[in-house]
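# Commentary on secondary and tertiary structure
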Amino acid sequence: MSDYRRVFVPGATYFFTLNLHDRRGDLLVRHIDALRASWRDMARAWPFETRAAVVLPDHLHLVLTLPEGDANYPARLRLLKSGFTRRLPDAVKFTGRKGERKVWQRRYWEHMIRDEVDLTAHVDYVHFNPVKHGHATSPDQWPYSTWHRQEGGVGAFG
């Protein structure tokens, strides 16, 4: 069993990476409407501020600021992942142990943002991730990103 520790600071800003179980898959962009609906459900149930987000075929990155007095990001991510999984066609779900649907990797990466320099670095990382992975030659070309919202365009993820 792993021995990692998560940091829970009410009102903090966090960077997250969530990966599909099958990193060769493209479920996130193929079923982007299901992900958007799950995102809306998460935001209604557990409010937050989206600082940056990008959806790639097999993973997504988020930079979220939690409300003052609230550090419960696991509930938000659980709702996002389970809502997306429930909305998928049964044909793309694989049953694993304990009834898991094997859509997502069990764990996720989390990093608490320390300061404005750290925030800027992570927002830039999020927005340039499609370029890094060869899906686009500039952030403008990738439709599933808050880059467009930041730049005043259309096509934002959420």
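Worth saying up front: this structure is predicted, and the values here are computed from it rather than measured.

Rules behind the numbers
Along each chain, residue indices are assigned from 1 in the same order as the chain's sequence is written. This being a predicted model, a pLDDT of at least 70 is required before a residue's local features are given, and a value of 80 or more before pairs of side-chain atoms are given or counted; all residues contribute to the totals for chains, interfaces and linings. Side-chain measures were taken over the full set of non-hydrogen atoms in the model, leaving aside hydrogen atoms and water. In these notes, a set of buried Ala, Val, Leu, Ile, Met, Phe, Trp, Tyr and Cys residues joined through side-chain atoms within 4.5 Å is what counts as a nonpolar core. Working definition: with a 1.4 Å probe on protein chains only, accessible area under 20% of the residue-type maximum means buried, over 50% means exposed, and in between means partly exposed. A run of H or I in DSSP becomes a helix once it reaches four residues, and a run of E becomes a strand once it reaches two; helices and strands are each numbered from the N terminus. Contacts are assigned to residue pairs with any non-hydrogen atoms lying within 4.5 Å of each other. In this scheme, strands are said to pair when DSSP sees at least two bridges between them. Lines fitted to the C-alpha atoms define the axes, with helices restricted to the stretch that makes contact. Angles between their N-to-C directions range from 0 to 180 degrees. Any helix carries an expected span of 1.5 Å times its number of residues minus one. Pairs of N or O atoms are called polar contacts if they sit within 3.5 Å, as long as, within protein, a hydrogen donor faces a hydrogen acceptor (for residues adjacent in sequence, only side-chain-to-side-chain pairs). Only Phe, Tyr and Trp rings are paired, with Trp represented by its six-membered ring, and only when their centres lie within 6.5 Å; those with planes under 30 degrees apart are stacked, over 60 edge-to-face, the remainder tilted. Whether a charge lies above a ring is judged from NZ of Lys or CZ of Arg, which has to be within 6 Å of the ring centre and within 35 degrees of the ring normal.

### Description of the nonpolar core
- Counting 41 residues, the largest nonpolar core has Phe16, Leu18, Leu62 and Phe84 as the members making the most contacts within it.
- Among the secondary structure elements, those contributing two or more residues to this core are strand 1 (13-19), helix 1 (27-30), helix 2 (32-45), strand 2 (49-55), strand 3 (59-65), helix 3 (73-87) and helix 4 (116-132).
- For this core, the element with the highest residue contribution is helix 2, accounting for five residues.
- The residues contacting leucine 18, other than those within four sequence positions of it, are Asp58, His59, Leu60, Leu62, Leu77, Leu80, Lys81, Trp104 and Tyr108.

### Regarding the sheet that holds strand 4 (residues 109-112)
- Pairing is antiparallel in the open sheet, where four strands are placed in the order 2-3-1-4. Whereas interior strands pair on both sides, the edge strands pair on one side only; in this sheet they are strand 2 and strand 4. The average angle at which neighbouring strand axes cross in this sheet is 10°, direction not considered.
- Along the sheet, helix 3 contacts strand 1, strand 3 and strand 4; its crossing angle with strand 1, the most-contacted strand, is approximately 30°.

### With respect to helix 2
- For helix 2, built from 14 residues, the straight-helix expectation of 20 Å at 1.5 Å per residue is met to within 8% by its first-to-last C-alpha distance of 20 Å.
- Along helix 2, the positions that sit buried rather than exposed are Ile32, Ala34, Leu35, Ala37, Ser38, Trp39 and Met42.
- Taken together, the buried residues of helix 2 touch helix 1, strand 2, strand 3 and helix 3.

### Quick word on the side chain of threonine 65
- Considering the arrangement of structural elements, one finds threonine 65 in strand 3.
- A residue is classified by how much of its surface remains accessible, and threonine 65, at 13% relative accessible area, is buried.
- Of note is the side chain of threonine 65, whose polar atom sits 3.1 Å from the side chain of arginine 51.
- The contacts of threonine 65, once residues within four sequence positions are left out, are Gly11, Ala12, Thr13, Phe48, Glu49 and Arg51.

### Re the packing of aromatic side chains
- Tallied over the full model, the rule gives 11 aromatic pairs.
- With a centroid separation of 5.0 Å and 15° between ring planes, the pair formed by phenylalanine 8 and tyrosine 73 is classed as stacked. Here phenylalanine 8, found in the segment before strand 1, pairs with tyrosine 73, found in helix 3; they are 65 residues apart in sequence, far enough to count as distant.
- The buried category is assigned to tyrosine 73, whose relative accessible area is 1%.
- Consider the rings of phenylalanine 16 and tyrosine 108, whose centres lie 6.2 Å apart with planes at 70°: the pair is edge-to-face. With phenylalanine 16 in strand 1 and tyrosine 108 in the loop between helix 3 and strand 4, the pair connects residues that are 92 residues apart, well separated along the chain. Across the pair, tyrosine 108 and phenylalanine 16 agree in class, each one buried.
- Just above the ring of tyrosine 108 sits the side chain of arginine 6; from NZ or CZ to the centre is 4.0 Å.

### Describing the pairing of strand 1
- In terms of residue burial, strand 1 counts as a mostly covered element, since seven of its seven residues are buried.
- With seven bridges joining them, strand 1 and strand 3 adopt antiparallel strand pairing. Bridge pairing links leucine 18 to leucine 60 in strand 3.

### Digging into the side chain of arginine 76
- By the element assignment, arginine 76 lies in helix 3.
- A polar contact is formed between the side chain of arginine 76 and the backbone oxygen of proline 47, at a distance of 2.7 Å.
- Residues contacting arginine 76, with those up to four places away along its chain left out, are Met42, Trp46, Pro47, Phe48, Leu66, Pro67 and Asp70.

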